[in-house]
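Here's the letter readout for the chains.
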Amino acid sequence: MPLLPVEERVKSFKEIELGYSVEQAIKEAGRCLQCKEPLCEKGCPAGVGCKAFIEQVMLGNFDKALEIIQAKNPFPCFTGRVCAEEAQCEGQCVLASKKQAIAIKALERFVAEHGKANWSEEKTNGKKVAIVGSGPAGMAAALDLKKKGFYVEVFEALPKLGGILGWGIPEYRLNRHSVEKVVKDLKEKGIVFRKKERIGFEKKLNVLIKDFDAVLLAIGEGKAKKIELPGIEKQGVLYWDKFLQGFGTGEKKLDGKKAVVVGGGNTALDCARVLRRLGCKATVIYRKNVPFMPCNKSELFHAMEEDIEFKMQLVPKEFLGKKKLEKIRFKKMEIDNEEFVETEKTEDLEADICIMAIGQEYDPIVANGTELEGKEIKINGNKTELWSVFAAGDLTNQEKTVIHSISSAKKAASEIETYLNEKK
Ligand SMILES: Cc1cc2nc3c(=O)[nH]c(=O)nc-3n(C[C@H](O)[C@H](O)[C@H](O)COP(=O)(O)OP(=O)(O)OC[C@H]3O[C@@H](n4cnc5c(N)ncnc54)[C@H](O)[C@@H]3O)c2cc1C
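In this convention, every chain numbers its residues from 1, walking through the sequence in written order. At least 70 in pLDDT is required for a residue's local features to be given in this predicted model, at least 80 for side-chain atom pairs to be given and counted, and no such filter applies to totals for whole chains, interfaces and linings, which use all residues. Each side-chain value is derived from all of the structure's non-hydrogen atoms; neither hydrogens nor water enter the calculation.

**Here's the deal with the state of the cysteines**
Argument step 1. Pairs of cysteine sulfur atoms within 2.5 Å are identified as disulfides in what follows. Under the criterion given, the structure shown has zero disulfides.
Argument step 2. C50 supplies the cysteine sulfur nearest to C89, a cysteine that is in no disulfide, at a spacing of 5.3 Å.
Argument step 3. Its relative accessible area of 11% is what places C89 among the buried residues.
Argument step 4. Summary of cysteine pairing: C271 is not part of a disulfide, and the nearest cysteine sulfur, belonging to C354, is at 10 Å.
Argument step 5. Three labels apply to residues, based on accessible area from a 1.4 Å probe with only protein chains included: buried if under 20% of the type maximum, exposed if over 50%, partly exposed otherwise in between. Overall, the relative accessible area of 0% leaves C271 in the buried class.

This is the structure:
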């Protein structure tokens, strides 16, 4: 995939992957061996028909290619940008070990940009479904349910639609235009979006349960997991959610600051790459070592190219400084019996800013006013304990990725359809 030169990248939030031209895409698709048993499809959590769509790209039938992808994944414009291809489809490609895997992710993005989608809708069936959350899970379920003739209303707490894709994943990996285009398209299909409606606060879940035939919770896990450590309240220490909300667009500058990010996932790397673009010297600290980092390998590679420093086998223990952060004290980790264990050895790092990106959780307010208020929402598959309330996306998934969210939302939509058909 063609890339913006590294000197340009680190100064701007412009998308760094440039996308294939028609000639490049057809040439790349032409390398596909069209295996009898396409392992790439087994590697895709949504089971996209990679072999068939690549063949259509090779033949120049981009509309057909899009139809094949969208049978399993309505939003290749997202997944073609952010999927962990090396761990999924491309990791399984037989060419991966011989030469170079087919660039399936880049081809998917190409198809999203060059294919024209087909849309057909069943007759309105008079049933109403409320979806809480407008992230990829909420949007994917909304689309499937609308197609089946349901009236669909999506309730979103924030003033922006799209979930983490609308405010979390920075523009240099996923441009906001792609998100806005999908939202516009869904609105044109008759899906109703209600912004600034935080369920459990502005409106209660019980009201949705009463007013709609079924409810889908697609609320994600967009809140940072907190940790108690001495000095964490110091000025300059922030959690990833607040940092990306406040600084993720690149409007503010932090020139010359020393920044440390704690964590090893995509979120940590995005924070570090945003800090770098804002003018900081950024260091990522992880408690294990590089092969254990859960981030996409492509993101790690790009972060290294962008001069982000990595320090492994350290865990933060104390934040030092008067009012403002000056230094972070870490404990060193060692490998003992194939386990990473904390030692008493310490290391101090000077820092003006520290971003904690050590995990995520859902906003429990959604259950306020129901029998689950203050309790954990227990979910079995796509069904919650509450009558007629289903769940999908990060809230239900072990693997918190866009494609897993889409896949679980499609399952939830199908379960809702079965449930409502049985109810009549
Ligand atoms: C910085 C970052 C980088 C990432 N990078 C990648 C990547 O490269 N590849 C990848 O596949 N995945 C990545 N992910 C994960 C991916 O973004 C999530 O898996 C995906 O967005 C989950 O979709 P979702 O629809 O379940 O939830 P979300 O996208 O979180 O959307 C949930 C929506 O529900 C709303 N909501 C919550 N509570 C309420 C309420 N009570 N009432 C109304 N609305 C509510 C939220 O405001 C939000 O808009 C990344 C995540 C982060 C944070």
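Once you've had a look at it, read on.
**Comments concerning the sheet that holds strand β8 (residues 281–286)**
Argument step 1. One requirement defines pairing of two strands: DSSP has to find at least two bridges between them. By the criteria applied, helices consist of DSSP H or I runs no shorter than four residues and strands consist of E runs no shorter than two, each listed in order from the N terminus. The parallel open sheet is built from five strands, whose spatial order is β6-β13-β7-β8-β9. Looking at strand neighbours, the two that pair on one side only are β6 (237–239) and β9 (309–312), the edges of this open sheet. The mean angle between the axes of side-by-side strands here comes to 20°, regardless of whether they run parallel or antiparallel.
Argument step 2. As paired strands, β6 and strand β13 (residues 353–356) are joined by three bridges and run parallel to one another. The partner of L238 across the bridge, within β13, is I355. Between N-to-C directions, angles cover 0 to 180 degrees, with each direction set by a line fitted to C-alpha atoms, over the stretch in contact for helices.

**Section: the nonpolar core**
Argument step 1. As used here, the term nonpolar core means buried Ala, Val, Leu, Ile, Met, Phe, Trp, Tyr and Cys residues forming a set that is joined through side-chain atoms within 4.5 Å. Counting residues in each nonpolar core, the largest one holds 49 residues, and the members touching the most others are F243, V260, V261, L269, L275, F319 and C354.
Argument step 2. By residue number, the principal contributor to this core is helix α15 (residues 266–277), which donates six residues.
Argument step 3. Here a residue-residue contact requires only that any non-hydrogen atoms of the pair lie within 4.5 Å. When sequence neighbours within four positions are dropped, the list of residues in contact with F319 reads L229, P230, G231, I232, K234, V237, L325, K327, I328, C354 and M356.

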